[in-house]
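Okay, here's what each chain looks like letter by letter:
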Amino acid sequence: MRTSKYSPEQIAQALRQAESGTPIVEICRKLQVTEQTFFRWRKKFGELGTPEIRELRQLRDENRKLKQLVADLSLDKTILQDSLRKKLVSPAQRRTWVRWVQEAYAVSERVACDAGGVARSSVRYASIAAPQKPLRQRLRELAQTRVAYGYRRLHVLLCREGWSVNHKRVQRLYRDEGLTQQRKRPKRRRSAAPRVARLLPGAANERWAMDFIHDQLADGTAFRVLSIVDLYTRECVGLVPAIRLRADDVVATLSRLRDERGIPAVLQCDNGSEFTSVTLDHWCYWNQVRVDFRRPGKPTDNATIESFHNSFRRECLTQHYFIDITDAQQQIAQYRSEYNNDRPHSSLGHVPPAHFRAAVATTASVSSSA
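Residues numbered from 1 in each chain as written. Predicted model: local features only at pLDDT ≥ 70, side-chain atom pairs only at ≥ 80, totals over all residues. Heavy atoms only, no water.

Trainee: Now, about the side chain of Glu109: what can you tell me, with residues and values included?
Mentor: Tracing the backbone through its elements, the reader meets Glu109 in helix α7 (residues 109–116). A polar atom in the side chain of Glu109 sits 3.5 Å from the side chain of Arg99. Within polar-contact distance, the side chain of Glu109 engages the side chain of Arg124 at 2.8 Å. If we ignore the near neighbours within four places in the chain, the residues touching Glu109 are Val98, Arg99, Gln102, Arg120, Val123 and Arg124. (Helix = DSSP H or I, 4+ residues; strand = E, 2+ residues; numbered from the N terminus. Polar contact = N/O pair within 3.5 Å; in protein donor to acceptor, adjacent residues only side chain to side chain. Contact = heavy atoms within 4.5 Å.)

Trainee: Tell me about helix α10 (residues 151–160), and name the residues and values.
Mentor: Taken as a whole, α10 has its buried residues at Tyr151, Leu154, His155, Leu157 and Leu158. Projected down its long axis, α10 carries its buried residues within an arc of 165 degrees, all on one side. Turned more than 90 degrees from where α10 packs its buried face, Arg152 and Arg153 sit exposed. If you follow the buried residues of α10, they end up packed against α9 (133–145) and α11 (167–176). Downstream of α10 by a residue or two, Gly162 has a phi angle that is positive, lying close to 105 degrees. (Buried < 20%, exposed > 50% of the residue type's maximum accessible area, 1.4 Å probe, protein only. Arc of directions from axis to C-beta.)

Trainee: Before we move on, could you go through the packing of α9 against α10 and cite the residues and values that matter?
Mentor: A pair of packed helices is characterised by two quantities: the angle between their axes and the separation of those axes. Viewed as axis vectors pointing N to C, α9 and α10 meet at an angle of 120 degrees, and their least axial separation amounts to 11 Å. Regarding the angle of α9 to α10, the classification is oblique. For the pair α9 and α10, the crossing hand works out as right-handed. In contact with Leu135, Arg138, Leu139, Leu142 and Ala143 of α9, α10 contributes Leu154, Leu157 and Leu158. Partitioned by chemical class, the residues of the contact of α9 with α10 number seven nonpolar, no polar and one charged. (Axes fitted to C-alpha atoms, helices over the stretch in contact; angles between N-to-C directions. Parallel < 35°, antiparallel > 145°, perpendicular 65-115°, else oblique. Left-handed = near helix turned anticlockwise from the far one by under 90°. Nonpolar A, V, L, I, M, F, W, Y, C, P; charged D, E, K, R; others polar.)

Trainee: Please provide a residue-by-residue account of the packing of aromatic side chains, values included.
Mentor: Applying the stated criterion across every chain yields a total of nine aromatic pairs. Consider the rings of Phe223 and Phe322, whose centres lie 5.9 Å apart with planes at 85 degrees: the pair is edge-to-face. Of this pair, Phe223 sits in strand β2 (residues 222–230) while Phe322 sits in the loop between α14 (303–317) and α15 (325–341), and the two are 99 residues apart along the sequence. By relative accessible area, which is 0% here, Phe223 ends up buried. Judged by centre distance (5.4 Å) and plane angle (40 degrees), the rings of Phe312 and Tyr335 are tilted. Of this pair, Phe312 sits in helix α14 while Tyr335 sits in helix α15, placing them 23 residues apart in sequence. Judged by relative accessible area, which is 0%, Phe312 ranks as buried. In textbook terms, an aromatic cluster arises when at least three aromatic residues are bridged by ring pairs, as seen for Phe308, Phe312, Tyr335 and Tyr339. Directly above the ring of Tyr149 sits Arg153, whose terminal nitrogen or CZ lies 5.7 Å from the centroid. Over the ring of Tyr285 we find Arg160, and its NZ or CZ is 4.3 Å from the ring centre. (Phe/Tyr/Trp six-rings, centres within 6.5 Å; stacked < 30°, edge-to-face > 60°. Lys NZ or Arg CZ within 6 Å of the ring centre and 35° of its normal.)

Here is the structure:
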């Protein structure tokens, strides 16, 4: 039978914190447990007369009597050393322990420090460092908006905003503010924050969708195709086949498209390693492009590119027998030209995407001149 890693004393302390007004979410975050586990604890240990709680009460009463008895007697160094059950590493832990010894055994600061081997100067030390309140506030704001980011990614965001701060300081403040999260993912694998509804694009180059599709050559060699589609005009902006396509190749393709027709405001893609790479993240940052990742296991978040892949595989990949990668590039380029200029599209009123885009541009120019 599986047992809890927390003792009944720790569970009772957590329940008392909740009764004193501490938010349950904060208690669960500190203990790294779910809210269901906390309410199960409350149901099991919160009732009066529970054997575990009764045992804890007996231990608490005996501890109170013992403290009262020890307070009346003269304590020596040996009794205080017996209370040290955990190694004290940081100065903050030593200061906390000294304060606890003073309150529990009613002794002076000198006796408590001598018993634990703690320097009185370390206990009385008052930090002269700046409180870093603006930095702490901004760090909390970034951590709230980007729940899954650790201190390293938050440090990158702070540097982008102009904060001259070391990653070690960010880590220390991140830990002091209680922002550290558990590394083990929950079994339900669902996002804790609700997803905001996407707005439909209202102009060309406002939102692009990109993804990879795979196929094989005649000799069995696998190759990939990077496809990019404009979600407003439904035009195939890019269709790049290659044996290997990495993050650098994606960035090179986007840079070429930027020089030819501009860049989008938003890029929709999945969570592949090429799209979550540092290279693409830097390119999007310097070009002021926002990346909108789809949820894991939800291909409908990027349905347009999936629909394009269905047509692309049915009308091109399954219709041709590619001899080599050069032949594949030629055939795919010919299909892209046909898709954009000749192929009728039901979503655009049977108008090819390139013609639809030209009509939109002409309408916009006429309205602006009027």
